[in-house]
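Topology and contacts: notes
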Amino acid sequence: MADCVSKVELCVSCSDLLDKDVGSKSDPLCVLLQSTGGDNWTELARTEHVQNSSSPSFSQRLRVDYHFETVQNLKLAVYDIDNKTSDLRDDDFLGAAELTLGQIVSSKTLTRPLQLKKGKPAGKGTLTVTAEEIKDNRAVQLELEAKGLDKKDLFGKSDPFLEIFKQGDGGSWQLVHRTEVVKNNLSPSWKKFTVPLQTFCSSDLERPLKVHCSDYDSDGSHDLIGSFTTKVSELQKAAHGSPVEFDCIHPEKQKKKKSYKNSGVVCVKSCKLVTQYTFLDYVMGGCQINFTVGIDFTGSNGDPRSPNSLHYMSPDGLNQYLSALWSVGQVVQDYDTDKFFPAFGFGAKLPPDYQVAHHEFALNFNPSNPHCQGVEGIVQAYRAVLPQLRLSGPTNFSPIINHVASIASATTQSNTAAQYSVLLILTDGEITDFDQTRDAVVRASRLPLSIIIVGVGPADFKAMELLDGDDGVLRSTTGEAIARDIVQFVPYREFSDAPRAALAQSVLAEIPNQLVSYFKMRGLDPVKPPAPTA
């Protein structure tokens, strides 16, 4: 019998977190992890991080597939974020709560004490999680600005931001979105944003909403400028260039002054409902995933005849390269109907002359047709070619990235959501052509392409982590920012003792969102869109 699968959205808040920062509160972020067996966990999603707060409410919801027939062990871990990298290993751990998705769904709202390692309580810290099934694929897209806000700062204007809350079934208010802060501006314009309609108002266009406009303070003691209540049906009146305006009311000022009118006006420049398509919508609508493999044959891997080499074949016919290829490839190949995949090597000298190092050669030695049939075909080509190569160097990534990017670029000519490319690079070390590689990645971020890098061996992979710009700061050598996050790096050593599925799950976790973000950026719906739901 097939699993009963639903989409569930988790809303998380915390209270009484430990303060790890000297002279201020922590800057917490919550990560959702799922057990893959034993002590192994893989990250599914994470919230935004909230500055200077010991009792944060996170506006970023955490989405997870709910399988009724399966016990899904989850961990909600809270960290104090001290830097801009996405790696949490150098951030302070504030505590975690382990529970099953079934417990959350059946309770709807659940509060658990946060614990440090080995069950030690994390002070008085608690975590509260609320679950809601997602049944609506619509979203609300809003563009907001304000005029004439009150001046709150002694030596400046105000640093305004908005928080939007929906009223829950029990009458409590739940945070559903927090805008960015606009510095030193009494008439700010905030960036256009999109929130799933079910998150925003539980898909009820008449559900009460409350909007707080506040002045940001770095110590977390934000000053309320004013607030108002509304509902989506009222916000929708902002159409055809006619904004809807709301008086921003500060309740204390309203009590004290009879002549008080407002503390500024918030204007809804535009509000519209849009359809949010999922990864499955695109795949079931006909999108093909084109899988390409690049394998590192540089000298730092060691002589393949030596047991110390990363390319050495163990008695069972495997090594780290093949284990990673099997794990990832067997998942990806299911999304490509013809199962023919280009496979390349780089960093080796080729027969018959062995004169120069090649940084992009067909693994089957057939440059006119580098395709292999399925993952098994790639494995066979790898085993056949390995004894014929002389490992060399340097470790250049840009040639193979540019090659696959040119193929991905050609698929954009149809201007449909019909094809998406995934490049898997298996490597043992640092990138020699880092500047050329980051330029190639930035260019590729505007194409239907994702890049997965699996690092094998014990090397320091700092450059890979820079490419895996989850915070979106990767820039080209000319300063051009990456259009969207397309690189996922995973060190194989973290999964050497884990089940094979754990590596695949971690490596492929970001691909669905990367695919959706590309087609959304291009404004492309699935080739065969699903029927709208409500």
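Let us look at the structure shown here. (Residues numbered from 1 in each chain as written. Predicted model: local features only at pLDDT ≥ 70, side-chain atom pairs only at ≥ 80, totals over all residues. Heavy atoms only, no water.)

**As for the overall build of the protein**
Quick note on the threshold: Put simply, DSSP marks the helices as runs of H or I at least four residues long and the strands as runs of E at least two long, and each gets a number from the N terminus on. Both definitions apply: the radius of gyration is a C-alpha atom measure, and the globule rule equals 2.2 Å times residues to the power 0.38. Between buried and exposed lies partly exposed: a residue is buried under 20% and exposed over 50% of the maximum accessible area for its type, with that area taken using a 1.4 Å probe on protein chains only. When checking whether two residues touch, look at their non-hydrogen atoms; a contact exists if any pair is within 4.5 Å. Residue exposure ignores everything except the shown protein chains as possible cover, and the areas themselves are Shrake-Rupley values with a 1.4 Å probe.
Each helix and strand in the protein was counted, giving 12 helices and 26 strands. Taken over the C-alpha trace, the protein has a radius of gyration of 26 Å; the compact-globule value for 534 residues is 24 Å, and the two agree within 12%. In terms of its C-alpha atoms, the protein occupies a principal-axis envelope of roughly 95 × 55 × 55 Å. Put simply, the protein has 534 residues, and 50% of those count as buried. Contacts in the protein between residues at least 24 apart in sequence constitute 70% of all its contacts with a sequence separation of at least 6. For the protein, the exposed area adds up to about 24800 Å²; of that, 50% sits on carbon and sulfur atoms.

**Some words on the side chain of E163**
Defined as follows: Whenever a nitrogen or oxygen atom comes within 3.5 Å of another N or O atom, the pair is scored as a polar contact, on the condition that within protein one atom can donate a hydrogen and the other can accept it, and that pairs from neighbouring residues in sequence are kept only if both atoms are in side chains.
As for its placement among the helices and strands, E163 is situated in strand 10 (residues 160–167). There is a polar contact of 3.0 Å between the side chain of E163 and the side chain of R178. With residues near it in sequence (within four places) discarded, E163 still touches L175, H177, R178, K210, V211 and H212.

**So, unusual backbone geometry**
Note on backbone geometry: most residues besides glycine have negative phi, and most peptide bonds are trans. In this model, P351 is joined to P352 through a cis peptide bond whose omega is 5°. The amide bond that connects G393 to the next residue, P394, takes the cis arrangement and shows omega of -5°. Take P394: it is sitting in the loop between strand 23 (390–391) and helix 8 (398–411). Residue Y354 is not a glycine yet carries a positive backbone phi of 55°. Mapped onto the elements of the fold, Y354 is located in the loop between strand 19 (348–349) and strand 20 (357–358). Positive phi outside glycine occurs at N415, with the angle close to 55°. For N415, a relative accessible area of 45% puts it in the partly exposed group.

**Overview of the side chain of D217**
The test is simple: Charged residues are defined here as Lys and Arg on the positive side and Asp and Glu on the negative side; His and the ends of the chain fall outside this count. Any Lys or Arg side-chain nitrogen found within 4 Å of a carboxyl oxygen on Asp or Glu counts as a salt bridge.
With respect to the helices, strands and loops of the structure, D217 is situated in the loop between strand 13 (209–215) and strand 14 (223–230). Among buried charged residues, D217 stands out as having no salt bridge; its nearest opposite-charge side chain is K183, 8.1 Å away. With sequence-adjacent residues up to four places away left out, D217 is seen in contact with D153, H222 and D223.

**Details of the environment of D169**
Locating D169 in the fold gives a position in the loop between strand 10 and strand 11 (173–178). Sequence separation of D169 and R63 is 106 residues, and the distance between their C-alpha atoms is 21 Å. At 3.2 Å, the side chain of D169 and the side chain of R207 are in polar contact.

**What about the pattern of salt bridges?**
Taken as a whole and judged by the stated rule, the model has 17 salt bridges. The salt bridge involving E245 is made with K147; its shortest N-O contact spans 3.6 Å. Of this pair, E245 sits in strand 15 (residues 244–247) while K147 sits in strand 9 (residues 138–147), placing them 98 residues apart in sequence. Take E245: its relative accessible area is 47%, and that puts it in the partly exposed class. Of the charged contacts, one joins D303 and R305 as a salt bridge, the two residues approaching to 2.9 Å between their closest N and O atoms. What makes D303 partly exposed here is its relative accessible area of 37%. Three or more residues joined by partner-sharing salt bridges are found here, namely E48, E163 and R178.

**Some points on the sheet that holds strand 19**
What counts here: Note on pairing: DSSP must find at least two bridges between two strands before they are called paired.
Read from one edge to the other, the open sheet built from three strands follows the order 20-19-23, with strand pairing classed as antiparallel. Edge positions in the sheet fall to strand 20 and strand 23, since each has one partner strand and no second.

**Details of the sheet that holds strand 13**
Test applied: Where helices are involved, their axes are fitted lines through C-alpha atoms of the stretch in contact, as for all axes, and angles between N-to-C directions lie from 0 to 180°.
Ordered in space as 11-10-13-14, the four strands form an open sheet in which the pairing is antiparallel. Strands at the two margins of the open sheet, each flanked by one partner only, are strand 11 and strand 14. With direction set aside, neighbouring strand axes in the sheet form an average angle of 25°. In terms of strand pairing, strand 10 meets strand 13 through seven bridges, oriented antiparallel. Bridging across to strand 13, L162 finds its partner in C213.

**A closer look at the nonpolar core**
Definition in use: Residues grouped as a nonpolar core are buried Ala, Val, Leu, Ile, Met, Phe, Trp, Tyr and Cys residues, joined through side-chain atoms within 4.5 Å.
Within the largest apolar cluster, 55 residues are counted, with the highest numbers of intra-cluster contacts made by F297, L325, L363, L424, I452, L515 and F519. Considering every element that reaches this core, the biggest residue donor is helix 6 (residues 320–332), with seven residues. Contacts of L515, omitting those with residues within four sequence positions, involve F279, Y282, C287, I289 and Y420. Counting residues in each nonpolar core, the second largest holds 29 residues, with V140, L144, C201 and V232 among its members.

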